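# Working through the structure, step by step
Each chain is listed here by its residues.
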2 protein chains.
Amino acid sequence: MEQVTTTLLDELREIVGERVSDSKPILEQHGRDESHHPVVPPDLVVFANSTEEVSAVVQACAKHHMPIVPFGAGTSVEGHISALKGGVCIDCSPMHEILEVNIEDMNVTVQAGVTRQQLNTYLRDTGLFFPVDPGAEASIGGMAATRASGTNAVRYGTMRDNVVSLKVVLSDGEVIQTGRRVRKSSAGYDLTHLFVGSEGTLGIITEVTLRLHGIPEVISSAVCAFPSVEDAVNTVIQTIQCGISVARCELLDAMTIDAVNRYDKLDYKVAPTLFLEFHGSAAMVEEQSQLVRELASDNGGSEFLWAIDTEERNKLWHARHMTYYAGLALRPGSRGFSTDVCVPISRLAECVSETKKDMDSSTLIGCMLGHVGDGNFHTLILVDPENREELDEADRLNNLIVRRALKMGGTCTGEHGVGFGKIPYMEEEHGEALKAMRRVKAAFDPDNIMNPGKIFTYPTASS
Amino acid sequence: MEQVTTTLLDELREIVGERVSDSKPILEQHGRDESHHPVVPPDLVVFANSTEEVSAVVQACAKHHMPIVPFGAGTSVEGHISALKGGVCIDCSPMHEILEVNIEDMNVTVQAGVTRQQLNTYLRDTGLFFPVDPGAEASIGGMAATRASGTNAVRYGTMRDNVVSLKVVLSDGEVIQTGRRVRKSSAGYDLTHLFVGSEGTLGIITEVTLRLHGIPEVISSAVCAFPSVEDAVNTVIQTIQCGISVARCELLDAMTIDAVNRYDKLDYKVAPTLFLEFHGSAAMVEEQSQLVRELASDNGGSEFLWAIDTEERNKLWHARHMTYYAGLALRPGSRGFSTDVCVPISRLAECVSETKKDMDSSTLIGCMLGHVGDGNFHTLILVDPENREELDEADRLNNLIVRRALKMGGTCTGEHGVGFGKIPYMEEEHGEALKAMRRVKAAFDPDNIMNPGKIFTYPTASS
């Protein structure tokens with residue numbers, strides 16, 4: 001392997017000059033995501049500037065049967081960027097150009113390394129925004145590759161709904177454009193949706209065309225505390241079932257509120273809480289929020305604490321977006337082991353409440369929070385990554401939580417993706433359909449060099 | 001081939017009893033869609049009652065390398081159901097059971113043969129409805145297979161956005177379930193979207209889980225006439241760009257209005273016209289319609305002619321849905337040759353206006369109409385299907401219209417699908433991505449028995 005790496009290093013230098021590295025700190029940095037998963041560094045890291053470079057690098061790797069791991073911002077949480085079989089990490093973060101904004105058509109084309117906040121800062125004066133907002137400052141390419149979502153998904157959808165078209169480098173270096181810049185098409189297979197959520201296992205996303213949305217005339221955020229998690233969840237379920245078009249509705253349990261208060265120096269009442277947001281004209285926002293207020297009150301919710309002006313709202317949502325880091329800060333030195341189940345809304349109250357019991361009876365602590373309007377919530381279990389017993393206990397909890405969600409007709413991951421962390425649940429979730437996914441994988445990556453060991457186990461025979 | 005057919009006929013009788021036919025009228029009926037494409041009947045027709053039967057029939061056909069053509073309601077318009085290589089047509093229309101309505105989760109699971117009106121009639125008392133409405137009384141399975149849309153897509157999306165999960169029989173008879181009944185998931189490849197729009201070439205859809213929507217509190221429809229098609233289109237473009245959430249906004253040119261008036265005994269002013277609809281609370285509908293009225297007026301539009309009560313609205317939208325048949329009635333004995341381009345909204349006015357010039361200078365007549373809020377419109381060219389010169393002229397027009405749309409970044413088909421009619425444009429539209437689609441086809445149907453000759457040309461070597 002070392003001989004191959006040396007030869008390949010020379011070949012890669014021909015393509016990208018000095019933008020290839022085998023220095024240990026750089027390798028380590030590219031082998032670690034934000035989760036509890038151990039560091040598994042690649043053999044080389046290439047910093048790519050363009051689709052053409054990615055294509056040339058992939059061709060060079062393919063020649064040597066070298067595994068390829070695409071890297072965006074390194075914010076995934078299921079080991080997506082771990083170089084399980086070594087190989088070359090292609091870091092797309094230097095590809096951070098916003099290529100074309102089409103204001104009239106409400107879409108934008110960006111390079112894969114553009115981050116979501118970079119994009120929204122850039123769009124500020126256009127009257128448009130991009131709604132998908134995972135907590136981290138993730139790259140758009142990475143968000144597309146993991147089918148990410150965030151707090152706005154209940155109204156604006158996930159990456160599934162907001163990616164219009166992709167430029168993708170396939171395992172032989174060929175470059176394709178999936179779909180066109182139109183609102184709909186019936187012209188053949190939906191390759192765009194095939195690559196969204198494929199986690200680098202079918203090809204490397206280098207450009208993304210995204211749907212944009214008009215910045216609403218009025219935006220109002222509110223915070224509402226509840227006697228119990230169940231009361232909060234029931235309010236959300238009723239809101240969704242009434243067809244009220246809430247833009248955000250996020251649950252934070254008491255421990256999460258405590259964490260947020262400490263981390264962001266805030267003073268929310270320590271209780272299960274909903275963070276809500278309403279978008280629209282003044283009349284619409286008034287109408288919708290009034291309806292939700294009534295539902296909340298019926299479920300024992302507090303008066304709404306409003307955040308109307310931009311600064312106040314930003315403070316509120318910054319706190320929400322930082323919950324992952326706020327949670328970790330509850331126990332210095334810990335890493336996050338995050339569950340990510342998503343169930344049908346009709347089963348959500350039961351699922352949340354059973355999960356809370358699991359956590360209450362565990363030796364570990366964890367924050368419960370999530371995008372409950374989608375039926376999706378996280379349990380951020382705090383573990384010492386060096387302590388085998390703790391990792392085993394987190395595993396046990398994760399197993400309980402996932403298996404229950406699957407039995408309820410849910411999914412093991414609403415937005416984090418499979419990586420290698422969720423592989424053990426794929427068979428139970430998909431049954432025979434998993435074989436169909438393998439057919440797709442074999443068709444696009446017969447040599448299994450594209451992010452091997454993610455979504456599917458690396459085949460034992462070749463390992 | 002005849003020997004094989006006889007053997008297979010016996011085997012199919014073992015599976016479905018008398019529900020298999022080789023009678024000429026039945027074969028003919030299953031080889032004709034609603035378009036100008038010639039009748040190409042299959043060798044046998046099987047009427048399937050269940051997924052298990054479809055699976056058994058597919059296994060029997062696979063053994064004999066017999067082509068399989070799935071059939072729903074026969075309302076497609078690009079030759080999707082033509083048995084280009086003979087074989088067995090699997091008619092799913094007997095599979096018309098509504099299996100499970102989940103009111104709380106706002107979704108429903110149906111067998112593939114359920115039609116859209118059947119579904120909405122069934123849902124009437126639930127407060128929910130299914131919005132996707134192609135003109136024809138299509139089957140849900142067929143609509144999923146062609147990624148169909150209709151008049152509500154501008155607000156509620158197409159089949160792409162409203163299919164939650166599918167049951168599919170693969171080319172070896174294996175049955176898979178794609179995805180779960182949740183609002184979002186990141187658990188592996190998006191097989192649901194892969195099969196939506198795959199036109200029976202990867203597998204046969206036998207069950208569909210659909211997203212439902214709440215019936216709005218207030219529904220108001222309006223008709224507005226304009227001095228020119230451009231004025232009407234500009235009103236729509238501005239509406240979309242202002243982010244006004246119109247539920248329907250349909251263009252009918254003067255000839256279409258004339259056709260509709262005759263066919264439905266109505267008396268709309270013969271002029272380019274928009275049919276509009278607004279959904280929401282009373283306040284929202286008032287607000288939105290007021291904004292659109294102002295935009296329309298700025299573009300020379302007439303006063304809105306309102307249809308508020310259900311009967312009036314039904315009359316209006318029945319007229320819209322019947323335009324295909326109303327158009328054909330302008331020239332008794334003719335068949336429809338329908339274009340279906342979809343372009344970015346920013347190019348729509350130019351595209352419509354150039355297309356109008358093409359039609360004005362042709363020897364053939366045609367209605368222009370469409371879902372302009374999506375950037376999608378049809379030219380329904382009326383042809384005598386026995387007259388070669390007319391077919392050639394329609395071909396010439398279609399070519400002009402499609403190539404222009406492609407140059408504008410558009411697609412050759414917004415909602416009708418490829419069938420075999422749009423195959424000539426696939427390479428120009430997709431470039432290298434077409435090869436990627438072929439990889440998918442080969443992975444799922446190595447023997448090319450699933451609706452062969454659709455989406456891709458039937459390979460010459462094996463024909």
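Just so it is clear, the model here is predicted, and its values are computed rather than measured.

## Structural notes on the overall build of chain A
When helices and strands are counted, chain A shows 17 helices and 18 strands. Computed over the C-alpha atoms, the radius of gyration of chain A is 22 Å, within 12% of the 23 Å expected from 2.2 N^0.38 for a compact globule of 463 residues. Taken along its principal axes, the extent of the C-alpha atoms in chain A is 65 × 55 × 45 Å. A separation of at least 24 residues holds for 72% of the contacts in chain A among residues at least 6 apart in sequence.

## Comments concerning the interface of chain A and chain B
Taken together, the 72 residues of chain A in the interface contact 72 residues of chain B. Residue assignment for the side of chain A that touches chain B shows that the elements contributing at least two residues are β9 (175-178), α8 (191-195), α11 (282-298), α14 (345-360), α16 (426-430) and α17 (433-444) of chain A. Sorting elements by how many residues they give to the side of chain A that touches chain B places α17 of chain A first, with 8 residues. The class makeup of the residues in the side of chain A that touches chain B is 27 nonpolar, 28 polar and 17 charged.

## Describing the relation of the copies chain A and chain B
With an axial shift of 0.0 Å and an RMSD of 0.0 Å, the rotation relating chain A to chain B amounts to 180°. What the superposition gives is, in effect, a two-fold axis relating one chain to the other. A shared binding surface is used by both copies, with 100% of the interface residues of chain A retained as interface residues in chain B.

## Some words on α11 of chain A
A rise of 1.5 Å per residue sets the reference length of α11 of chain A, with its 17 residues, at 24 Å; its end C-alpha atoms lie 24 Å apart and thus fit the reference within 8%. Considered for burial, the residues of α11 of chain A that qualify are Met 284, Val 285, Gln 288, Ser 289, Val 292 and Ala 296 of chain A. Buried positions in α11 of chain A, seen along its axis, are confined to an arc of 110° and lie on one side of it. Summarising the geometry of α11 of chain A, the exposed residues directed more than 90 degrees from the buried face are Ala 282, Gln 290 and Asp 298 of chain A. Where α11 of chain A is buried, its residues meet β12 (218-225), α9 (229-241) and β14 (273-280) of chain A together with α11 (282-298) of chain B.

## Some points on unusual backbone geometry
Glycine aside, residues mostly have negative phi angles, and peptide bonds mostly take the trans form. Despite not being glycine, Glu 199 of chain A has its phi angle at roughly 55°, a positive value. Residue placement: Glu 199 of chain A occurs in the loop between α8 and β10 (203-211). By C-beta crowding, Glu 199 of chain A is classed as buried, having 25 other C-beta atoms within 10 Å. One non-glycine residue, His 65 of chain B, lies in the positive phi region at around 55°. For His 65 of chain B, the position within the fold is in the loop between α3 (51-63) and β3 (68-71).

## Side note on the confidence of the model for chain A
Taken as a whole, chain A shows an average pLDDT of 95; of its residues, 99% reach a score of 70 or greater. Here the complex is predicted with pTM 0.97, and the ipTM for its interfaces comes to 0.97.

## Quick notes on the domain arrangement of chain A
All names here are of chain A. What the domain assignment lists for chain A is domain 1 (2-93), domain 2 (98-214), domain 3 (218-325) and domain 4 (333-422). Each of domain 2 and domain 4 has a C-alpha centre, and these two points are 27 Å apart. Of the residues lining the interface, 10 residues belong to domain 2; the matching set on domain 4 comes to 8 residues. Broken down by class, the residue content of the side of domain 2 that touches domain 4 amounts to 3 nonpolar, 5 polar and 2 charged.

## Observations regarding the packing of α9 of chain A against α11 of chain A
Residues and elements named next belong to chain A. Look at α9 against α11: their axes get within 9 Å of each other, and the N-to-C directions meet at 145°. The interaxial crossing formed by α9 with α11 has right-handed handedness. Residue-level inspection shows Thr 235, Gln 238 and Thr 239 of α9 in contact with α11, the latter providing Val 292, Leu 295 and Ala 296. Per-class residue counts for the contact of α9 with α11 are 3 nonpolar, 3 polar and no charged.

## Quick notes on the nonpolar core
Soluble globular proteins tend to bury their nonpolar side chains together. Grouped together as the largest cluster of nonpolar side chains are 144 residues, with contacts concentrated most on Val 57 and Ile 90 of chain A together with Val 57 and Ile 90 of chain B. If near-sequence neighbours (up to four positions away) are discounted, Ile 90 of chain B is found in contact with Val 46, Ala 48, Val 54, Val 57, Ile 68, Pro 70, Phe 71 and Ile 204 of chain B.

## Points about the environment of Thr 310 of chain A
Residues and elements named next belong to chain A. Its location among the elements puts Thr 310 in helix α12 (residues 310-321). By the C-beta count within 10 Å, which is 9 here, Thr 310 ends up exposed. Sequence separation between Thr 310 and Ile 215 is 95 residues; the distance between their C-alpha atoms is 13 Å.

## Points about the sheet that holds strand β2 (residues 44-47) of chain B
Residue and element names in this part refer to chain B. Sheet architecture is open: 4 strands sit in the order β1-β2-β4-β3, paired in mixed fashion. A strand with exactly one partner marks an edge of an open sheet, and here the two such strands are β1 (20-21) and β3. As paired elements, β2 and strand β4 (residues 88-91) share 4 bridges and run parallel to each other. Bridge pairing links Leu 44 to Val 88 in β4. Of the strands in this sheet, β2, β3 and β4 are in contact with α3, which crosses β4 at around 175°.

## Here's the deal with the sheet that holds strand β2 (residues 44-47) of chain A
Residue and element names in this part refer to chain A. The sheet built from 4 strands is open, its strands ordered β1-β2-β4-β3 with mixed pairing. Lying at the two open borders of the sheet, with one neighbouring strand each, are β1 (20-21) and β3 (68-71). Taken strand by strand, helix α1 (residues 2-16) contacts β1 and β2, and its axis lies near 5° from that of β2. Along the sheet, helix α3 (residues 51-63) makes contact with β2, β3 and β4 (88-91), crossing β4 at roughly 175°.

Rules used in this analysis
- Residues numbered from 1 in each chain as written.
- Chains lettered and ligands numbered in written order.
- Predicted model: local features only at pLDDT ≥ 70, side-chain atom pairs only at ≥ 80, totals over all residues.
- Helix = DSSP H or I, 4+ residues; strand = E, 2+ residues; numbered from the N terminus.
- Rg over C-alpha atoms; globule rule 2.2 N^0.38 Å.
- Contact = placed C-beta atoms within 7 Å.
- Nonpolar A, V, L, I, M, F, W, Y, C, P; charged D, E, K, R; others polar.
- Least-squares fit on C-alpha atoms with pLDDT ≥ 70 in both.
- Expected span 1.5 Å × (residues − 1).
- Buried ≥ 20, exposed ≤ 12 C-beta atoms within 10 Å, placed from the backbone.
- Arc of directions from axis to C-beta.
- pLDDT = per-residue confidence, 0-100.
- Domains from an automatic or database assignment.
- Axes fitted to C-alpha atoms, helices over the stretch in contact; angles between N-to-C directions.
- Left-handed = near helix turned anticlockwise from the far one by under 90°.
- Core = buried A, V, L, I, M, F, W, Y, C linked by C-beta atoms within 7 Å.
- Pairing = 2+ DSSP bridges.

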